[in-house]
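# Chain and residue survey
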Amino acid sequence: MRKRLLYILIFTSSINIFPQPFGKISVVTDKGIKDIPSYSREKTVYFSIKDFAEATFTNYFYNDKNGKIELKFENYLMKVTAKNPYIVITERETGKQIIYQLPTSTYSLNNLVFIPVITSIKPLEQAWGKRLTYNVPNKLTVGDKLPVVEPLIVTNDVKTATNLYFNITDLSISEKANGTLITIHSNKRIPSYYSSHKDSTLTIVFRQVNADTTRTERNNLSGLIKKIETKNIGADTELKLVVGKNYATNEVMNAEGSNDILITIHNKLFSKSKEETKTREKWDFDIIVIDAGHGGKDPGALGVNKVKEKDVNLAVALSLGELIKKEMPDVKVVYTRDSDTFVDLYKRGKIANENNGKLFISIHCNSSKKKPTDINGVEVYLLRPGRTDEAIAIAERENSVIEYEDDPNRYEKLTDENFILVSMAHSSYMKYSESFADMLNNQFRDNTKLKARGVKQAGFYVLVGASMPSVLIETGFISNSKDANYLKSKSGQTQLSEAIFAAIKEYRNYYEKQMESEL
Ligand SMILES: [Zn+2]
């Protein structure tokens, strides 16, 4: 058995490296038939471009120092380089260049440059101005004159041409503790994409872009992803990722500040630990952590009616806690603070984790630079890279609390890269956070006097630390006089806490049904 496996390995790798003789190709021209040898390598048939030139009586110049061969046709020169996927065709009269990309690089052996037969037909036709047909078994016929072909790209520079022609120019893969990060390098904003997962293959389609397939394919990968296949289909690019059995979920997002696309492939880290502890108790909906934002020396935002954000947050938090204790006596309430005290952001998440919370709710008030403002309403936030300038600004304001802390350097800047790590850790809860956020938004819309501004996403440090479904509520604009008066009033605070509690009730139902089916 072992011996057999060894044979297979040797056989397979020999195909990858060494071309195998693949019979003769008969080159048929109006001057007669000439046979040239062909070779197969990774299921592709190649011939030597020099043999081809000789068989077709085409003049050529070969520079064996740099492995370049140039075929001199009537109107065009065609340059092929060893170990390079590009064929450069130059119009003799104007010097304009047309670049073709082969699906694989050419290879060189014994001082000859080999090109794949089928995919070289188009550039050969372009350069020669004659129709070429390749028939099995191995007959290449040079036919009549072709009408003038419209060049694909015309430029004098190969590098520019590649970049002009391909939007997705490359990709990079990095392995993280809880998954794999793939960065798709694109020189154009990718307008839309979608992904699907079936039979251990994750398919991602990028709309309205094309990819340099030679640079975006990967084989024999050893991580979570085994293989990446890239295809340009019509106006779109399709990436097929063969993922191992440890695959759990994926996320596709636009990178901040570039046209790159980030794909995170998460492994089953969390589901595994869940399997290990298939006990009901661990997943019981038994602890809710309520986090009143700011406090003590940190007042938070200041309202147009002089109300302090820290006081509104605490009042709503305590009112909500009372409701839970009364209406859901089997659920324990944990406050990150229950008085006017200052608590570091990281400690808030720590408190939540140490108490094994099942839901983390951070309560804040929104504010705007312009005071007073017409902007009003309540927003629910999920932890994800901020997509809008507005969301980023809000996260920056809430995150600026760390200036009050002893060690502001404790928090790494939420760059794309480390954000991915964080969002990966949160991905297994994201489904729950999203559902709860939707329920909250509906409750605010239907049962409060505030305008429900929807569910948004941004990078809040306070949510980073909590390893459980978590949301942050911006309960209205303290910089808007109507909102500020509502937030200051006992009736407003009660209405808010009742709406949050109604969403918790709904969420508990949903959560328990989910756990029932997952455990
Ligand atoms: Zn705040």
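Look above for the structure.
To start, this report covers the structure provided alongside it. Within every chain, residues take consecutive numbers counted from 1 along the sequence as written. Thresholds applied to this predicted model are a pLDDT of at least 70 for local features of residues and 80 or more for the giving and counting of side-chain atom pairs; totals over whole chains, interfaces and linings are not thresholded and use all residues. Water and hydrogen atoms were dropped before computing side-chain values, which therefore reflect all heavy atoms in the structure.

### Topic: the overall build of the chain
- In this text, helices come from DSSP runs of H or I with a minimum length of four residues, and strands from runs of E with a minimum of two, each type numbered from the N-terminal end. A tally of helices and strands in the chain yields 14 helices and 26 strands.
- Considering the chain as a whole, with its 519 residues, one finds that 50% of them fall into the buried category.
- For the chain, the accessible area works out to roughly 25,700 Å², and carbon and sulfur atoms hold 51% of it. Accessible area is worked out with a 1.4 Å probe on protein chains only. A residue is then buried under 20% of its type maximum, exposed over 50%, and partly exposed in between. Throughout, the Shrake-Rupley method with a 1.4 Å probe supplies accessible areas, and for residues the shown protein chains are the sole cover considered.

### A look at the packing of aromatic side chains
- Pairs were defined over the aromatic rings of Phe, Tyr and Trp, the Trp ring being its six-membered one, requiring ring centres within 6.5 Å. Orientation was assigned from the angle between planes: stacked under 30 degrees, edge-to-face over 60, tilted for the rest. In the structure shown here, the tally under the stated rule is 15 aromatic pairs.
- Ring centres of Tyr193 and Phe206 lie 6.3 Å apart, and the angle between their planes is 70 degrees; this geometry places the pair in the edge-to-face category. One end of the pair, Tyr193, is in strand 15 (residues 193-198); the other, Phe206, is in strand 16 (residues 201-206), with 13 residues separating them in the sequence.
- With a relative accessible area of 23%, Tyr193 lands in the partly exposed category.
- Through successive ring pairs, a cluster of aromatic residues spans Phe285, Tyr432, Phe436, Tyr507, Tyr510 and Tyr511.
- The positively charged end of Lys297 is found above the aromatic ring belonging to Phe342, 4.6 Å away from the centroid. Charge-over-ring contacts are defined here by two conditions on Lys NZ or Arg CZ: a distance within 6 Å of the ring centre and an angle within 35 degrees of the ring normal.

### Description of the pairing of strand 21 (residues 287-292)
- Counting buried residues in strand 21 gives six out of six residues, a clear majority hidden from the surface.
- Side-chain alternation along strand 21 places Ile287, Val289 and Asp291 on one buried face and Ile288, Ile290 and Ala292 on a second face that is also buried.
- As paired elements, strand 21 and strand 22 (residues 332-335) share four bridges and run parallel to each other. Looking at strand 22, one finds that Ile290 is bridged to Tyr335. By this definition, two strands are paired if DSSP reports at least two bridges between them.

### Let's talk about the pattern of salt bridges
- Any Lys or Arg side-chain nitrogen located within 4 Å of an Asp or Glu carboxyl oxygen qualifies as a salt bridge. Enumeration according to the criterion identifies 16 salt bridges in this entry.
- One salt bridge in this structure joins Asp170 and Arg218, with 3.6 Å as the shortest N-O distance. Of this pair, Asp170 sits in strand 13 (residues 168-176) while Arg218 sits in the loop between helix 5 (213-216) and strand 17 (225-233); the two residues are 48 residues apart in sequence, bridging distant segments of the chain.
- Of the residues examined, Asp170 reaches a relative accessible area of 29% and is grouped as partly exposed.

### As for empty space enclosed by the protein
- Each cavity reported here is a set of points on a 1 Å grid over the protein atoms alone in which a 1.4 Å probe fits but cannot get out, each pocket an open set with protein on both sides within 12 Å along at least five of seven lines, and each lining residue one with an atom within 4 Å of a point. Grid points are joined across faces, edges and corners, and a volume is the space filled by probe spheres set on the points. The full count for this structure, using the stated rule, is one cavity of 30 Å³ or more.
- Volume-wise, the largest cavity comes out at about 40 Å³.
- Contributing to the lining of the largest cavity are Leu345, His364, Glu398, Asn399, Val401, Phe460, Tyr461 and Val462.
- Counting only elements with at least two residues in the lining of the largest cavity, the list comes to helix 10 (389-399) and helix 12 (461-464).
- Across the lining of the largest cavity, the residue classes tally to five nonpolar, two polar and one charged. Think of it as three bins: nonpolar holds Ala, Val, Leu, Ile, Met, Phe, Trp, Tyr, Cys and Pro, charged holds Asp, Glu, Lys and Arg, and polar takes everything else, Gly as well.

### Side note on the sheet that holds strand 5 (residues 68-72)
- Ordered by their spatial adjacency, five strands build an open sheet running 4-5-6-7-8, and the pairing between neighbours is antiparallel. Lying at the two open borders of the sheet, with one neighbouring strand each, are strand 4 (59-63) and strand 8 (97-101). The sheet shows a mean angle of 20 degrees between the axes of neighbouring strands, direction not considered.
- Of the pairings in the sheet, the one linking strand 5 to strand 6 (residues 76-81) comprises five bridges and is antiparallel in character. For Lys72, the partnering residue across the bridge sits in strand 6 and is Leu77. Only the contacting stretch of a helix is used when fitting its axis, a line to C-alpha atoms as for every element, and angles between N-to-C directions run 0 to 180 degrees.

### Observations concerning helix 9 (residues 345-354)
- Those residues of helix 9 that sit buried are Leu345, Arg348, Gly349 and Ala352. The buried side chains of helix 9 occupy one side of the element, clustering within an arc of 90 degrees when seen end-on.
- Remark: Asn356 follows helix 9 within two positions and exhibits a positive phi of approximately 55 degrees. Regarding the arc, it is the one traced by the directions from the helix axis to the C-beta atoms.

### Brief notes about the sheet that holds strand 12 (residues 139-145)
- Strand order in this open sheet of seven strands is 9-10-3-2-1-12-11, and the pairing throughout is mixed. Every interior strand has two partners, whereas the edge strands, strand 9 (107-109) and strand 11 (130-135), have only one. When strand polarity is set aside, the average angle formed by the axes of neighbouring strands in this sheet is 35 degrees.
- Relative to strand 10 (residues 112-116), strand 9 is paired through three bridges, and the arrangement is antiparallel. Looking across to strand 10, one finds that Leu109 is bridged to Leu112.

### Considering the pairing of strand 6
- Taken across its six residues, strand 6 has five buried, putting it largely inside the fold.
- Where strand 6 and strand 7 (residues 86-91) come together, five bridges link them in antiparallel fashion. Each bridged residue has a counterpart across the sheet, and for Leu77 the counterpart in strand 7 is Thr90.
- Counting the residues in the hairpin turn of strand 6 and strand 7 gives four residues, including Lys83, whose phi is positive at 60 degrees.

### Section: unusual backbone geometry
- Here Lys371 and Pro372 are connected by a cis peptide whose omega angle stands at -5 degrees.
- The phi dihedral of Asn110 falls on the positive side, at around 50 degrees, and the residue is not glycine.
- Here Asn110 is to be found in the loop between strand 9 and strand 10.
- The class of Asn110 is exposed, set by a relative accessible area of 68%.
- One non-glycine residue with positive phi stands out, namely Ser200, at about 60 degrees.

Everything listed here is a matter of geometry and, on its own, says nothing about what the molecule does.
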